[in-house]
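One letter stands for each residue in the lines below.
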Amino acid sequence: MVPKGPASTENLRPQIAFVFWGTLALGFGSALLLPGPLVWLFGGGTSAFVLRIPAVVMHFVGWMFLLVSLKAFPLDSARFRRRLLDRLFAIWMFWFVAAFLGIGTLPLAFPELYCTIFCIPLGWRLLPYFPFVPSVFAPVVVGHAIFFWLESRMLGAIPRRTVTRAAQFLGGLAVTSIVIQAAGLFSGWAYLLAGLTAPGYFLAAIGSSRAWREASSFSGISPGAAPRSAGP
């Protein structure tokens, strides 16, 4: 069921605020995925991979902020807003389901670990490292990119460009990651791909932050044009 927002309001500030905190949490979560592979690649062992645990927690927090942003979505009689909310919620559900389906691909992502003599799926031993596997995180990141692109339709010109660029960066990185895995090249430096989504999330947070500051002067949105700030 689609979360219900206020019956009628032109106040975009609460909704954009939740999106900002959500993107910021996603950015920090992705940044925590970088130290483990870096330390490992430079011969420091795998102890730093433990940071994947707080990284997953931060990502979950980010997801929840983005879900709450839908409940704060400003609704009125305009069909444009209702359709936009429905699409945002559908994308949220898409990446939620995609994350669990992606975890199920772990044995197939590492076929050399798939069977012993008794054909036990040893790929499941990689379950704790699922945040680094493209077939797990890439569909989720694509979902985030689409979410941010849809969200940008409610923003002013400058924040809209920033958030759109963030969506393009995330989408491009996700597709690249899947191609690398499909080509059998997921090893070594490729473990950094998940953490490299951090700049995209931080860029989206920057755009949302500016839109949040401008939101109090918005007079509303129309299907054909982004709202503009009344200030200079």
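A few points on the structure. Values in this document were obtained by computation on a predicted structure and should not be read as measured data.

## Let's talk about the side chain of Thr 197
Thought 1: Secondary-structure assignment places Thr 197 in the loop between α7 (157–182) and α8 (198–214).
Thought 2: Among the polar contacts made by the side chain of Thr 197, one reaches the side chain of Ser 30 at a distance of 2.8 Å.
Thought 3: Beyond its immediate sequence surroundings of up to four residues, Thr 197 is in contact with Ser 30, Val 141, Leu 170 and Leu 173.

## Points about the packing of aromatic side chains
Thought 1: Evaluation of the coordinates by the stated rule reveals 20 aromatic pairs.
Thought 2: Taking 5.2 Å as the distance between ring centres and 75 degrees as the angle between the ring planes, the aromatic pair formed by Phe 49 and Phe 132 counts as edge-to-face. Here the residue Phe 49 occupies a position in the loop between α2 (35–41) and α3 (52–71), and Phe 132 occupies one in the loop between α5 (106–109) and α6 (134–151), the gap between them amounting to 83 residues. This pair shows no difference in class: Phe 49 is buried, exactly as Phe 132 is.
Thought 3: Aromatic pair Trp 63 and Phe 96: ring centres 6.3 Å apart, planes at 65 degrees, arrangement edge-to-face. Of this pair, Trp 63 sits in helix α3 while Phe 96 sits in helix α4 (residues 79–103); the two residues are 33 residues apart in sequence, bridging distant segments of the chain.
Thought 4: A relative accessible area of 29% means that Phe 96 is categorised as partly exposed.
Thought 5: A connected cluster of aromatic rings, assembled from ring pairs, spans Trp 63, Trp 92, Trp 95, Phe 96, Phe 100, Phe 147, Phe 148 and Tyr 201.

## Brief notes about α3
Thought 1: In this model, α3 (20 residues) spans 29 Å end to end at C-alpha, consistent with the 28 Å of a helix rising 1.5 Å per residue.
Thought 2: Turning to α3, its buried residues are Arg 52, Ala 55, His 59, Gly 62, Trp 63, Leu 66, Ser 69 and Leu 70. Seen from one end, α3 has its buried residues packed into an arc of 115 degrees, which puts them on one side.

## Notes on the pattern of salt bridges
Once the charged atoms of two side chains with opposite charge are near each other, the side chains can pair.
Thought 1: This structure, assessed with the given rule, holds one salt bridge.
Thought 2: Note that Arg 210 is salt-bridged to Glu 214, the shortest N-O span being 3.3 Å. Of this pair, Arg 210 and Glu 214 both sit in helix α8, four residues apart, roughly one helical turn.

## Considerations on α6
Thought 1: The end-to-end C-alpha distance of α6 is 25 Å, a good match for the 26 Å that 18 residues give at a rise of 1.5 Å each.
Thought 2: Of all 18 residues making up α6, 14 are buried, and the element is well covered by its neighbours.

## Considerations on the nonpolar core
Thought 1: Counting residues in each nonpolar core, the largest one holds 51 residues, and the members touching the most others are Leu 66, Trp 95, Phe 147 and Phe 148.
Thought 2: Elements with a contribution of two residues or more to this core: α1 (13–31), α3, α4, α5, α6, α7 and α8.
Thought 3: For this core, the element with the highest residue contribution is α4, accounting for 10 residues.
Thought 4: Among residues more than four places away in sequence, those in contact with Phe 148 are Thr 23, Leu 26, Leu 66, Val 163, Ala 167, Leu 170, Tyr 201 and Ala 204.

## Quick word on the packing of α1 against α6
Thought 1: Put simply, α1 and α6 touch, their axes get as near as 13 Å, and they point 150 degrees apart. As summarised for this structure, α1 and α6 are arranged roughly antiparallel, according to the angle between their axes. In this structure, α1 meets α6 at a crossing whose hand is left-handed. Contact residues: Gln 15, Ile 16, Val 19, Thr 23 and Leu 26 in α1; His 144, Phe 148 and Glu 151 in α6.
Thought 2: Each residue belonging to the contact of α1 with α6 can be placed in one class, and the counts come to four nonpolar, three polar and one charged.

Here is what the cut-offs are and how they apply
- Residues numbered from 1 in each chain as written.
- Predicted model: local features only at pLDDT ≥ 70, side-chain atom pairs only at ≥ 80, totals over all residues.
- Heavy atoms only, no water.
- Helix = DSSP H or I, 4+ residues; strand = E, 2+ residues; numbered from the N terminus.
- Polar contact = N/O pair within 3.5 Å; in protein donor to acceptor, adjacent residues only side chain to side chain.
- Contact = heavy atoms within 4.5 Å.
- Phe/Tyr/Trp six-rings, centres within 6.5 Å; stacked < 30°, edge-to-face > 60°.
- Buried < 20%, exposed > 50% of the residue type's maximum accessible area, 1.4 Å probe, protein only.
- Expected span 1.5 Å × (residues − 1).
- Arc of directions from axis to C-beta.
- Salt bridge = Lys/Arg side-chain N within 4 Å of Asp/Glu carboxyl O.
- Core = buried A, V, L, I, M, F, W, Y, C linked by side-chain atoms within 4.5 Å.
- Axes fitted to C-alpha atoms, helices over the stretch in contact; angles between N-to-C directions.
- Parallel < 35°, antiparallel > 145°, perpendicular 65-115°, else oblique.
- Left-handed = near helix turned anticlockwise from the far one by under 90°.
- Nonpolar A, V, L, I, M, F, W, Y, C, P; charged D, E, K, R; others polar.

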